[in-house]
Amino acid sequence: MGTSDTATREFIPRFGHIKLTRIIPLIIIALVLVTFITHHYLIDVEKDASIIHSAHSHLDLPEESISYKSADLQSRIKELYRIKGSVSSELRDMEHKRQKLQQDIQLYTKNIEQLKAELLHQQTELNRLKISVEQAQVAQREALQQNTPELALPKRLTANSFPLSYPAVSKEESHTCRMYKCFDHSRCAMTSGFPVYLYDPDRYPVMNEGWDVDGFLKTTLKQVLGYNPHLTTNPKEACIFMVLVGEALRDSDDVKDDGENTQKHLNLPPLDHKALKKLPYWGGDGRNHVLLNLARRDLSATSGDLFSTVDTGRAILVQSTFTYERFRPGFDVIVSPVLGPPGGDVWQECAKMLPTRRKYLLTFQGEMKIKPSVGANNTPYDYLELSKFIVDHLKQMTKGSTSDKFLFEFECNPASDDNLNTGPQDWGLCGTDSSRRAVLKESTFVLIFAPGVADLISTTLLQARVYEALRSAAVPVILGGDQIKLAYDDVIQWRRICIFLPRARVTELHFLLRTIPDSDVLLMRRQGRLVWERYLASVQSTLDTVVAVLRDRLNIPPLPAETVTATSVFNETFQPIQVIVGLDAEQDESLGPLEPPFDSPAFRRNFSLQLTQGYELWNDWGDPFRLYPTLPNDPLLPSDAKFEGSGRGFRPIGQGQGGAGKEFSEALGGNNPREQFTVLLLTYEREQVLLDSIARLRGLPYLNSVVVVWNSPKPPSPELRWPDIGAPLHVIKAPRNSLNNRFLPLENLQTEAILSVDDDAHLRHDEILFGFRVWREHRDRIVGFPGRYHAWDVNTMNSWLYNSNYSCELSMVLTGAAFLHRHYLHLYWKWLPQAIRDKVDEYMNCEDIAMNFLVSHVTRQPPVKVTSRWTFRCPGCPQSLSEDDTHFQERHKCINFFAQVFGYMPLLNTQYRADSILFKTRIPHDKQKCFKFI
């Protein structure tokens, strides 16, 4: 045993130097050999004992010899038994050691696997850092070669003193004012943010005795301007100073004295020019001041023009009535009368846009109360003759042999209020607002006469008629349109909304209206409603538009769009537990080569005045929506994206070799060469499902970050083990449980591309990658996976139905798995009517339908479906909202309600689906073209 112990001690050090992979075979060989030798030895011993016993029984030996040999044999047998017990004990010890070694081997193997995973993770991070360094070097070389550094706006720079005092100007100089000669640009730096100061109309009255500003306007203007982000209470930093001077009305507490005193007050004009000059920041000549004369109740031209006899200096005039002599192009602003509510949703005021052809082809209601005469500022006789000819021709149209119906009323019956409907050489309004609205809702086109006085380019009555026509979705036909200007004429392309016709071509009117196809009528009607809702419908929209027009004239960029603060569900000290997850072993389709990982560029495009000017609806990617003319600072204008654009650094090897697609084109106007997307994920009390969905995103190309909107009031468990997917993960606390939170414009969404995903959606990496590539070529549309469509209910013939059956067409792509532009998140909260978001909260449903309505309404394009998959696997997911029987009934109601809010059905059907060029195509590896990083 001593020898055995020594051998064992010598063997163990040598055994320690043997690799772990050879330990198990050596142990097995040793155990087999020991067992074999012991078994062989015991067999020999038993044989010897049997021989001795046989010899003892058959040989005739002496008793002494037999006794001696028997004792010797017994001692040998005892020795053998002792050896057998020792060997058995040794075998048991070796078996115990073998089991312990196996346990150690398993532990070492597990540690090796963990170290391999950690090594792979660190290697990936190292490669990413190497590529980042290479990209930084490429960007540096490109900047040196192009000498076009990336610029951003410097810090905000505002004035810090009250306006200087200047000498007053003459009326002749005032009439020739333009922005370059009558405006102090030094107070309005490009980075100032365009601060606007409002004189309190109660503290600084500018009316003569016996006059006062309409109380509704005074209260409402202070309220709605307070919602404008440009408003400031510090006059030292103000760029412009607003003064409310109208609507001017006779004071109900006017003096009751009879005689000269009463006559004296009645003869005073509404505006007191001396009070204007006493304003604390007037500065002597009124530069940078804006005088607001907003008509509401009195639509006569006498109230529409308060400035004809008043010295306004270098102040900008804002009103509805102007003459060619008083109007200063590019300086003064023509506005519509504020006939609507203070603010809020106005969709209930609008008429439906369908059917396209209504009961009447053309209508007109009005009466000229003041008979014209020859003289200064009055209508000449040739206009009287032309007007008589026009009226006679219109009456003759109603008697012609045509199936079209007309409604012309040239005399009000019953007679209208003279105070409301009179104007100098203008057609007054007939009836009440409700009676006129009833007629306009039945009118395809509505006729509007230009003022009879050739010197008038705009009147309050003219603007009021346009306002009422757009509200009722009747296309305005302005006779004498070459004479007049409509509200915000310098920035809104009214020819896309109205038809302008010279008076002399009235005989061609019927022919012209019949040549306009239904599609164009619907387009003009739709664009007119959008302009009405955004710029004319309320006091707030009017004030916001005036501020936007003035800001645009000064080339000052709009303020960034507001974002929602991303508040983490974890406190500052808590660190969530992260675990490394393995890669998904699913088989992906080959979609071509990928460039190495990179950071998505933020604010890549240099500042350009083209991003603050232009009256077409331009989006982040440089293409117009081709919808309708818009103004700067419009909520549809992506002001927060003014510095974003394309970076460069990847180009294909050779010419025409292809690669990963069009998105890597360097041509001017091409798609962004380097770009990533953000996964926006909404969840509610499905923790394990959420963690599994996040884990499947590990290693996903182009992934910038994952933002989880935690919709539950209960915070996540601190014991959750969040997967480390190699990209930032943000878990954001939702303000309340609402499906509208799916589209929160959070401040930490750093990419233009947003992948909206349900927490139970199961998408392969190749599907996500291909969807992202398709979205980059259709950036203004929803690009996703589950398609749905709407259909007209043929049974009731009065409602729309939501359908999820398999079909050869679709009109919606559900946002539970879809790409969309980040800008639509702002539109959803800032532009979409509140009634739609309230309906989503009421049903806890339909937010995806609302987003499809919004995008189709803005772009007039259907969504794009990618891949052929119809369902999404979610093993072990609990029951979702969509499995409830009432789910589809609510979605039927949502579609019909949304169509009512929009005034028509904006969803568009399509039979188009996008598949990869390499879909189910096996390409040899050596034949695939790659992109080279340069």
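The following refers to the structure shown.

Calculation notes
Residues numbered from 1 in each chain as written. Predicted model: local features only at pLDDT ≥ 70, side-chain atom pairs only at ≥ 80, totals over all residues. Heavy atoms only, no water. Salt bridge = Lys/Arg side-chain N within 4 Å of Asp/Glu carboxyl O. Helix = DSSP H or I, 4+ residues; strand = E, 2+ residues; numbered from the N terminus. Buried < 20%, exposed > 50% of the residue type's maximum accessible area, 1.4 Å probe, protein only. Patch = residues over 30% accessible without salt bridge, like charges linked within 9 Å, V, L, I, M, F, W, Y side chains within 5 Å. Areas by Shrake-Rupley, 256 points an atom, 1.4 Å probe, with all protein chains shown as cover. Axes fitted to C-alpha atoms, helices over the stretch in contact; angles between N-to-C directions. Parallel < 35°, antiparallel > 145°, perpendicular 65-115°, else oblique. Contact = heavy atoms within 4.5 Å. Nonpolar A, V, L, I, M, F, W, Y, C, P; charged D, E, K, R; others polar. Pairing = 2+ DSSP bridges. Phe/Tyr/Trp six-rings, centres within 6.5 Å; stacked < 30°, edge-to-face > 60°. Lys NZ or Arg CZ within 6 Å of the ring centre and 35° of its normal.

This model, assessed by the stated rule, comprises 35 salt bridges. Across the pair Lys 100 and Asp 104 runs a salt bridge, and its minimum N-O distance is 3.5 Å. Separated by four residues within a single helix, Lys 100 and Asp 104 lie in helix α3 (residues 63–146), roughly one turn from each other. Residue Asp 104 is classed as partly exposed on the basis of its relative accessible area of 24%. Look at the salt bridges and you will find they share partners, linking Asp 200, Asp 202, Asp 212, Lys 218 and Lys 222 into a network.

Where nonpolar side chains cluster on the molecular surface, the patch consists of Ile 29, Leu 33, Phe 36 and Ile 37 and spans about 450 Å² of accessible area. Within the secondary structure, Ile 29 is located in helix α2 (residues 20–58).

Before going further, it helps to spend a moment on the packing of helix α20 (residues 834–843) against helix α22 (residues 886–902). Running from N to C, α20 and α22 cross one another at 170°; their axes reach a closest spacing of 10 Å. Judged on the interaxial angle alone, α22 and α20 are roughly antiparallel. Contacts between α20 and α22 involve Ala 835, Ile 836, Lys 839, Val 840 and Tyr 843 on the former and, on the latter, Glu 890, Lys 893, Cys 894, Phe 897, Phe 898, Val 901 and Phe 902. Considering only residue class, the contact of α20 with α22 consists of nine nonpolar, no polar and three charged.

With antiparallel pairing, the three strands of this open sheet are ordered in space as β24-β23-β25. Among the strands making up the open sheet, the edge pair consists of β24 (800–803) and β25 (812–813). Relative to β24, strand β23 (residues 787–792) runs antiparallel, the two being bridged by four bridges. Bridge pairing in β24 places Tyr 789 opposite Asn 803. Contacts from α22 reach β23, β24 and β25 within the one sheet, and its direction differs from that of β24 by about 135°.

Moving on: the packing of aromatic side chains. Summed over all chains, the structure comprises 31 aromatic pairs. Taking 5.7 Å as the distance between ring centres and 90° as the angle between the ring planes, the aromatic pair formed by Tyr 197 and Tyr 281 counts as edge-to-face. You can see Tyr 197 sitting in strand β1 (residues 196–198) and its partner Tyr 281 sitting in the loop between α8 (273–277) and β5 (289–293), a full 84 residues away along the chain. Each member of the pair Tyr 197 and Tyr 281 is classed as buried. Of the aromatic side chains, those joined through ring pairs into one cluster are Phe 162, Tyr 197, Tyr 199, Tyr 204, Phe 241 and Tyr 281. Seen from the ring of Phe 897, Lys 839 lies directly overhead, with NZ or CZ sitting 4.6 Å from the centre. Directly above the ring of Tyr 802 sits Arg 891, whose terminal nitrogen or CZ lies 4.4 Å from the centroid.

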